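Chain by chain, the residues run as shown.
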Amino acid sequence: MTMKNIRRLTTREEIESACNLLYHVYIERMAWKFLPDNPSHLRIEERNGKKLLLDRFVDISTWFGVFENSQIVSCIRIQGVDSDNKLELEGYEDSKVLHAFLPQNKDKCYELTKFAILPQYITPGIIKNLFLEVFRYCYEKGFSLSCCTHNNFLKKFYQRIGYPLTMEHAFKYEPDDPLAVNHYYADFEKGEVKHCYEQLRTNTRPLSFKQSKIFRALEVAAPALPVPVYWHDRNGVVLGINEHCLKAIGTSRAIVGKTPYEFYSTDIAEHILNHHNLVMDTGNVLAQEEKINDITTGQVKYFSSIKAPLYNDDGAVIGIVGTSIDTTAEKEAERLRNENERLEIENSYQNKLIKEQKIFKEIIDQAVHDIRSPLASLLILSSYTKNIPEEIRDVINGASKRINDIANNLLEKYWPERNKKNEEQNKFEKNNFQISLALQEIISEKKYEFFNLDVEFRISINPAGYLAFLFASEAAFKRMISNLINNAVEACEKRHGIITVCLNVSGTSIDIVVEDNGKGMSQHVVEKIMNDISVTEGKAEGHGIGYAQVRDTLQRNGGSLAIDSSQNVGTKIKLSFNKKEQPHWVAEVLDIFDKGMIVILDDDPSIHKAWELRLRDKFQDATLKYFEQGKEALSYIHQLKDEQKNKTILLADYELLHQELDGLDVISQAAVENAILVTSRFSNRDLQNELNELNVKMLPKLYISEVPINVVS
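This structure is a prediction, so every number in the text was calculated from the model and none was measured.

## Focus: the overall build of the protein
Inference 1: Looking only at helices and strands, one finds 20 helices and 28 strands in the protein.
Inference 2: By residue count, 52% of the 713 residues in the protein fall in the buried class.
Inference 3: In the protein, the proportion of contacts linking residues at least 24 apart, taken out of those at least 6 apart, comes to 66%.
Inference 4: For the protein, the exposed area adds up to about 34700 Å²; of that, 47% sits on carbon and sulfur atoms.

## Describing the side chain of D233
Inference 1: Topologically, D233 is positioned in strand β10 (residues 230-233).
Inference 2: The buried charged residue D233 lacks any salt bridge, with R234 as its nearest oppositely charged partner at 8.8 Å.

## Regarding helix α13 (residues 474-491)
Inference 1: An ideal rise of 1.5 Å per residue puts 26 Å on 18 residues; α13 measures up with 26 Å between its terminal C-alpha atoms.
Inference 2: Taken across its 18 residues, α13 has 14 buried, putting it largely inside the fold.

## Considerations on the packing of aromatic side chains
Inference 1: Within the structure shown, the criterion is met by 23 aromatic pairs.
Inference 2: On the basis of an interplanar angle of 70 degrees and a centroid distance of 5.0 Å, the ring pair of F171 and Y173 is categorised as edge-to-face.
Inference 3: Taken together, the ring pairs connect F115, F131, F135, F157, Y158, Y163 and Y184 into an aromatic cluster.
Inference 4: Positioned over the ring face of Y302 is K331, at 5.6 Å from the centre of the ring.

## Overview of the sheet that holds strand β16 (residues 455-461)
Inference 1: One open sheet holds the 5 strands; their spatial order is β16-β18-β19-β21-β20, and the pairing between them is mixed. The open sheet is flanked by β16 and β20 (560-566), the only strands paired with a single partner. Across the sheet, the mean angle separating the axes of adjacent strands is 10 degrees when strand polarity is ignored.
Inference 2: Direction of pairing for strand β18 (residues 497-506) relative to strand β19 (residues 509-516): antiparallel, over a ladder of 8 bridges. Looking at β19, one finds that T500 is bridged to E515.
Inference 3: On top of the sheet, helix α15 (residues 547-556) reaches β20 and β21 (570-578); it is set at about 20 degrees to β21, its chief contact.

## What about the pattern of salt bridges?
Inference 1: Considering all chains together, one arrives at 29 salt bridges under this definition.
Inference 2: A salt bridge links E45 to R43, with the shortest nitrogen-to-oxygen separation between them at 2.9 Å.
Inference 3: Of the residues examined, E45 reaches a relative accessible area of 29% and is grouped as partly exposed.
Inference 4: Taken together, the shared-partner salt bridges connect E16, R43, E45 and R47 into one network.

## A few points about the environment of G663
Inference 1: Locating G663 in the fold gives a position in helix α19 (residues 663-670).
Inference 2: On the basis of relative accessible area, G663 is assigned to the buried category, the value being 0%.
Inference 3: G663 sits 16 residues away from T679 along the chain, and the two C-alpha atoms are 8.9 Å apart.
Inference 4: Ignoring anything within four residues of it in the chain, the contact list for G663 reads A652, D653, Y654, L656 and L677.

## Examining unusual backbone geometry
Inference 1: Its identity is not glycine, yet H169 carries a phi of approximately 50 degrees, on the positive side.
Inference 2: Examined against the element boundaries, H169 turns out to sit in strand β8 (residues 165-171).
Inference 3: Backbone geometry at N695 places phi at a positive 60 degrees, although glycine is not the residue there.
Inference 4: Its location among the elements puts N695 in the loop between α20 (685-694) and β27 (697-700).

## Comments concerning the packing of helix α17 (residues 630-638) against α19
Inference 1: Axis separation between α17 and α19 bottoms out at 10 Å; the angle between their running directions is 15 degrees. Between α17 and α19, the crossing angle belongs to the class labelled roughly parallel. By crossing handedness, the relation of α17 to α19 is classed as right-handed. The residues of α19 that touch α17, namely those facing G630, L634, I637 and H638, are V666, Q669 and A670.
Inference 2: Among the residues forming the contact of α17 with α19, the class breakdown is 4 nonpolar, 3 polar and no charged.

## Concerning the confidence of the model for the protein
In regions of low pLDDT, the predicted coordinates are not meant to be interpreted in detail.
Inference 1: Mean pLDDT over the protein stands at 83; residues scoring 70 or higher make up 85%.
Inference 2: By mean pLDDT, the top-scoring element of the protein is strand β3 (residues 50-54) (96), and the lowest-scoring one is helix α11 (residues 416-425) (46).
Inference 3: Note that residues 204-208 has pLDDT below 50 and, in this model, 8 contacts with residues that lie over four places away or in other chains.
Inference 4: A low-confidence stretch, residues 537-544 stays under pLDDT 50, and its non-local contacts, those more than four residues away or across chains, total 16 contacts.

## Considerations on the sheet that holds strand β13 (residues 300-311)
Inference 1: With antiparallel pairing, 5 strands are arranged side by side in an open sheet as β11-β10-β14-β13-β12. Pairing within the sheet leaves two strands with one partner each, and these edge strands are β11 (238-241) and β12 (286-293). Averaged over all pairs of adjacent strands, the angle between their axes in this sheet comes to 30 degrees, without regard to strand direction.
Inference 2: Against the sheet, helix α7 (residues 266-282) touches β10, β12, β13 and β14 (317-326), its axis set at about 165 degrees to β12.

## Remarks on the side chain of E14
Inference 1: Within the fold, E14 resides in helix α1 (residues 12-29).
Inference 2: When its relative accessible area of 16% is taken as the criterion, E14 is described as buried.
Inference 3: A distance of 2.9 Å separates the side chain of E14 from the backbone nitrogen of T10, its partner in a polar contact.
Inference 4: Discounting residues that sit within four places of it in the chain, E14 has contacts with R7, R8, L9 and F67.

## Remarks on the nonpolar core
Inference 1: In terms of nonpolar packing, the biggest core is built from 92 residues, with F477, I512, L575 and W611 touching the most fellow members.
Inference 2: In contact with W611, not counting residues within four places along its chain, are L590, I600, L651, V678, L699 and I704.
Inference 3: The next biggest cluster of nonpolar side chains, apart from the first, holds 58 residues, and it includes A18, C75, Y110 and C147.

## A short note on the pairing of β19
Inference 1: The element β19 is extensively covered by neighbouring structure, given that 6 of its 8 residues are classed as buried.
Inference 2: Taken together, the 8 bridges between β19 and β21 define a ladder with antiparallel strand orientation. For D511, the partnering residue across the bridge sits in β21 and is S576.

## Here we look at the pairing of strand β26 (residues 674-679)
Inference 1: Most of β26 is tucked away, with 5 of its 6 residues classed as buried.
Inference 2: The sheet contact formed by strand β25 (residues 648-653) and β26 spans 5 bridges and is parallel. Residue D653 lies in a different strand from β26, and its bridge partner there is V678.
Inference 3: Of the crossover connections in this fold, the one passing from β25 over α19 to the parallel β26 is right-handed.
Inference 4: On the question of chirality, the crossover connecting β26 to the parallel β27 by way of α20 is right-handed.

## Quick word on the environment of E243
Inference 1: You can see E243 is positioned in helix α6 (residues 243-249).
Inference 2: Among the polar contacts listed, one links the side chain of E243 to the side chain of R253, at a separation of 2.9 Å.

## A few points about the environment of D653
Inference 1: Among the secondary structure elements, D653 is positioned in strand β25.
Inference 2: Spatially, the C-alpha atom of D653 lies 8.5 Å from that of K701, the residues being 48 residues apart in sequence.
Inference 3: What D653 contacts, discounting residues up to four positions off in sequence, is L601, D602, D603, G663, L677, V678, T679 and K701.
Inference 4: Polar side-chain contacts of D653 include one of 3.3 Å to the side chain of K701.

Conventions adopted
- Residues numbered from 1 in each chain as written.
- Predicted model: local features only at pLDDT ≥ 70, side-chain atom pairs only at ≥ 80, totals over all residues.
- Heavy atoms only, no water.
- Helix = DSSP H or I, 4+ residues; strand = E, 2+ residues; numbered from the N terminus.
- Buried < 20%, exposed > 50% of the residue type's maximum accessible area, 1.4 Å probe, protein only.
- Contact = heavy atoms within 4.5 Å.
- Areas by Shrake-Rupley, 256 points an atom, 1.4 Å probe, with all protein chains shown as cover.
- Lys, Arg positive; Asp, Glu negative; His and termini not counted.
- Salt bridge = Lys/Arg side-chain N within 4 Å of Asp/Glu carboxyl O.
- Expected span 1.5 Å × (residues − 1).
- Phe/Tyr/Trp six-rings, centres within 6.5 Å; stacked < 30°, edge-to-face > 60°.
- Lys NZ or Arg CZ within 6 Å of the ring centre and 35° of its normal.
- Pairing = 2+ DSSP bridges.
- Axes fitted to C-alpha atoms, helices over the stretch in contact; angles between N-to-C directions.
- Parallel < 35°, antiparallel > 145°, perpendicular 65-115°, else oblique.
- Left-handed = near helix turned anticlockwise from the far one by under 90°.
- Nonpolar A, V, L, I, M, F, W, Y, C, P; charged D, E, K, R; others polar.
- pLDDT = per-residue confidence, 0-100.
- Polar contact = N/O pair within 3.5 Å; in protein donor to acceptor, adjacent residues only side chain to side chain.
- Core = buried A, V, L, I, M, F, W, Y, C linked by side-chain atoms within 4.5 Å.
- Right-handed = clockwise from strand over helix to strand, strands pointing away.

As structure tokens, then:
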């Protein structure tokens, strides 16, 4: 885009085209809903078959536009005071806080408003040149320039060009606006307009978020992950991408700095960016199916895309970070099955709908497995990477926990009927379940359930707690913890809430503590709860709702309750259970010979590196052998002598993709006495029963970094 395509709008037709662009961007794309009685008299009118976004300043404004051929693709305007000698922002009641910053004589002051640009034209060059024309005009006319915005891109842009910020979070145009605006004012007499103009005229360095901690953390972590990872800014510009993603979509790193409009068709780009906007606007982690064309071959591909908001160092949403799992093969298999079964199914619509839902849920289940495997590697790699600054390691650890939350939430979201069925069927059925996993799943669920509240969730597990099991009703246990957390959230109303769930295992005791910094309870209420007396005071729907279920669960499973609460300080609920003997198949410790053989079988190479980091400090004289194929591992073990086998430990992944053997098959055929199944499917009941029958121990892959290692001489 060259300068000759940017100009002042001088005809009514050009100005109406700009107002039509405002309608397309603000109303259609951003779904902006303004109050009908707003002070600017905002309204929508239709003229010559086009819908226009208008207000009372349209005809007294100076407009600028960017054109491609004859089409307007971006616009902005400046306007002076109205007949009452007021700028537009002065019409809003809450803006009085800014009146002191405005000049007494406003005849020489413009207000900058109504910036819009079509998404496929968002580039630093176009935006810079458009604003260059605005500041050039103000400089030549001798006018100061005022502006209000809450757009993060514009805030960064204004900071770069030296546009003075007079007040941060100054006011809201409308009460329901999500954010307050910043106010900027460049005084012509002080040379501030000239300074901005000169900066725009001479500064060509593109804007980026590359200095933020999260950006640097993604640059470090993304190459180590064996799944596609990418991150975009708020305008859809690709900020970063790893090699797996480049390979999946058939392109090169040249797409960094571009928007999807520059390498996909308009309909595909719109579908992708609309999903990005939904993620950024809601702050939720969302999943959708995306159909794209391979950029090199043109082949149609399908992806299950999972995206989360990307925050900057100040906690503001600056874009999205996502991962996309290629589901083309599953889609093609589904298409063939549907084609073969089409003539046999009379009630096709309903059956097909059920089938597609099942396939998608299976894909999500596989995606969660695929996420958890590299996540285990990332947790270990981050703790052993000494050359990365501590602050970036903290960001990586936080991102790891976020990814685990995503995995837990996806299982909860896409298998709701399974969870509900299990809860009803197993309401009182006791079984061995991993306490730390159950607590982490509940915390993940609560983070998403209460994402719009000012509540922070924390979890703390002591080393002995990671592999601790409880023989009780898992469904009732989870509901009990959920009820206690719900009460804690409600107790934190009107304040920043911090809710901590702690798991401490020592000796013969298992203690679970749910603590909050809420309003607390009186001793009178605490005594009633402890004495099994119904409590209905202090809460519109009954204080203590949920405690009946808590008491019932504790009684059925041999647990006890303790409450420590102070009004206006907070409440600490302690649940205690007697520690029973661990299930036989739990690997509480790894016994490894200091000069023996360690055979690691996993189809994910990042797990090999994780084990190496975990083991090499303690076993410098041990022999570490890594295999991705089960048959190759068996071939190696079978050629060992008995004396070597006796000093060998086999750590085998359970699910070996696209192989005839799984990890249990390899362990059975290897006949190594010291063998452990390492898997991310550790909560699978059928697998637990099979381990028990085969007398094989299992280690959850996520706890590789936590399991104690015993050196055997």
